[in-house]
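Working through the structure, step by step
The primary structure of each chain is shown beneath.
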Amino acid sequence: MEAVKFEDIGPESEVEDLGRCVDEISTTVNQLEQRASDVEQFYLTTANCASTFKDKVKEKQLSSIEKQQQEASHRETASLKRMQDLMRQFAMILRQITQHKWAHPFMHPVDVEGLGLHDYYEVIQKPMDFGTIKSKMEAKDGTGYKNVREIYADVRLVFKNAMKYNDERHDVHIMAKTLLEKFEEKWLQLLPKVAEEEKREVEEEANAQLDMKLAQEAAHASMSRELSNELCEVDLQLEKLRQIVIQKCRKMSTEEKKKLGTALTRLSPEDLSKALEIVAENNPGFQPTAQEVDLDIDAQSELTLWRLKVFVQDKLKLAGKCSEVVDCNNINNNENTIKSNSKRKREISDALTKNAIKRTRKLSPNS
């Protein structure tokens, strides 16, 4: 935040401008506090795991989300290499099966038309053969197998299709059943390594997600620190500005206080509540939301009085601009209401002359 410059401030002419600066900085503080609240909300949504996250953040000293993404990429590369090694071992098993003397019927797609198997596609929903499996294993365009279990499933499908379409006494059925049994024996030897790799992948994926979550929390923690520093800086500026305003504020006369009190009665309920909040900022004992509010004008500091004056002037000026576009018929309809309120305003004005203003306000359910 850029520091506020205080040089060349006149004793009276710029007091109102300083008051506006105070309010603007107060608004900035509120906005920063809202951002801090957003960060806090992040922690609340992860409350169940917050302590674990914080401990792990300290242990691992995560620097950024990008670092986690790089590490995840390295893990994925290592996992891919291990899976490729398993596929090579599986390829050796497949080579042994395809070199068997009974493997030739399964090396290429079934010649449905040549063999006159007109009902083949009605019985077999997904044809498969070793030639197709080999092509898919060697594919480099991303259409190949992702893991060993995919290849295993297709090899079994080759034999299962043959056994399903052909009668149990048929040679092709017997050949397929025999080769399937041999294949399953060899697969059981490789299965422990496959299961170990799959378990490792699951664990690494879980750790990767946790690390990413930790990195996000670290980023939010950094944001929180930055917001805290920015809030401290703006608070210092605000306090410095307040002190200068106090020094520059002349004492408000009794007549001005009376006019201020009268002006307060012209505020909307919403703006009146904001005005009372200004009083409460420098008067901790003052209850702006109480059912009955007792405001002693003479007991307020000069800073509070001048802030009230600037606030009231701004709000009434804005209300005046808005009223210029109101239809004349609406103004005539409200004339009786204005007259009925004039007595109340005079009573309040008289009370202010005696150094106090009392205003009873009914709180809305959301107040």
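Since the structure is predicted, the reported quantities are computational estimates derived from the model, not experimental observations. (Residues numbered from 1 in each chain as written. Predicted model: local features only at pLDDT ≥ 70, side-chain atom pairs only at ≥ 80, totals over all residues. Heavy atoms only, no water.)

1. Focus on the overall build of the protein chain
Along its length, the protein chain carries 13 helices and 2 strands. The buried share of the protein chain, taken over its 367 residues, is 31%. Intrachain contacts of the protein chain at a sequence separation of at least 6 include 78% that bridge at least 24 residues. With the model as given, the accessible surface of the protein chain reaches about 23,800 Å², and the carbon-plus-sulfur share is 50%. (Helix = DSSP H or I, 4+ residues; strand = E, 2+ residues; numbered from the N terminus. Buried < 20%, exposed > 50% of the residue type's maximum accessible area, 1.4 Å probe, protein only. Contact = heavy atoms within 4.5 Å. Areas by Shrake-Rupley, 256 points an atom, 1.4 Å probe, with all protein chains shown as cover.)

2. Let's talk about the side chain of aspartate 271
Within the element layout of this structure, aspartate 271 appears in helix H10 (residues 269-281). With no salt bridge to any partner, buried aspartate 271 finds its closest opposite charge in lysine 315, at an N-O distance of 4.1 Å. Not counting residues within four places of it along the chain, the set of residues in contact with aspartate 271 comprises Phe311 and Lys315. (Lys, Arg positive; Asp, Glu negative; His and termini not counted. Salt bridge = Lys/Arg side-chain N within 4 Å of Asp/Glu carboxyl O.)

3. Here we look at helix H7 (residues 148-165)
An ideal rise of 1.5 Å per residue puts 26 Å on 18 residues; H7 measures up with 26 Å between its terminal C-alpha atoms. Within the sequence span of H7, burial applies to Val148, Ile151, Tyr152, Asp154, Val155, Val158, Phe159, Asn161, Ala162 and Met163. Between the side-chain oxygen of the N-cap and the backbone nitrogen of arginine 149 there are 3.2 Å, and the N-cap of H7 in question is asparagine 147. (Expected span 1.5 Å × (residues − 1). Polar contact = N/O pair within 3.5 Å; in protein donor to acceptor, adjacent residues only side chain to side chain.)

4. A word on the pattern of salt bridges
Scanning the entire structure with this criterion turns up 11 salt bridges. A salt bridge links arginine 82 to glutamate 197; its shortest N-O distance comes to 2.8 Å. Here arginine 82 is found in helix H3 (residues 65-98), whereas its partner glutamate 197 is found in helix H8 (residues 171-248), with 115 residues between them in sequence. Overall, glutamate 197 belongs to the buried group, its relative accessible area being 6%.

5. Quick look at the environment of valine 172
The residue valine 172 is located in helix H8 in this model. Sequence separation between valine 172 and proline 105 is 67 residues, and the spatial gap between their C-alpha atoms is 7.5 Å. Those residues in contact with valine 172 that sit more than four places away from it in its chain are Phe106, Ala162 and Asn166.

6. Focus: the packing of aromatic side chains
Enumeration according to the criterion identifies 8 aromatic pairs in this entry. These aromatic residues form a ring-pair network of at least three members: Phe90, Tyr152, Phe183 and Trp187. (Phe/Tyr/Trp six-rings, centres within 6.5 Å; stacked < 30°, edge-to-face > 60°.)

7. Here we look at the packing of helix H6 (residues 130-138) against H7
Where H6 meets H7, the axes come as close as 10 Å, and the angle between the chain directions of the two elements is 165 degrees. As far as their axial angle goes, H7 and H6 are roughly antiparallel. With respect to the hand of their crossing, H6 and H7 are arranged in right-handed fashion. Only Ile151, Asp154, Val155, Val158 and Phe159 of H7 make contact with H6, whose side of the interface consists of Phe130, Ile133, Lys136 and Met137. The residue makeup of the contact of H6 with H7, split by class, is 7 nonpolar, no polar and 2 charged. (Axes fitted to C-alpha atoms, helices over the stretch in contact; angles between N-to-C directions. Parallel < 35°, antiparallel > 145°, perpendicular 65-115°, else oblique. Left-handed = near helix turned anticlockwise from the far one by under 90°. Nonpolar A, V, L, I, M, F, W, Y, C, P; charged D, E, K, R; others polar.)

8. What about the confidence of the model for the protein chain?
Confidence in the prediction for the protein chain averages 75 pLDDT; 67% of positions are at 70 or higher. Across the protein chain, the element-wise mean pLDDT spans from 40 in strand E2 (residues 357-360) up to 95 in H7. The low-confidence segment residues 47-62 (pLDDT under 50) makes 20 contacts with residues lying over four places distant or belonging to another chain. (pLDDT = per-residue confidence, 0-100.)

9. Considering the environment of isoleucine 133
By the secondary structure assignment, isoleucine 133 is in helix H6. The class of isoleucine 133 is buried, set by a relative accessible area of 0%. Isoleucine 133 sits 25 residues away from valine 158 along the chain, and the two C-alpha atoms are 9.5 Å apart. If sequence neighbours within four positions are ignored, isoleucine 133 has contacts with Leu94, Met128, Tyr145, Ile151, Asp154, Val155 and Val158.

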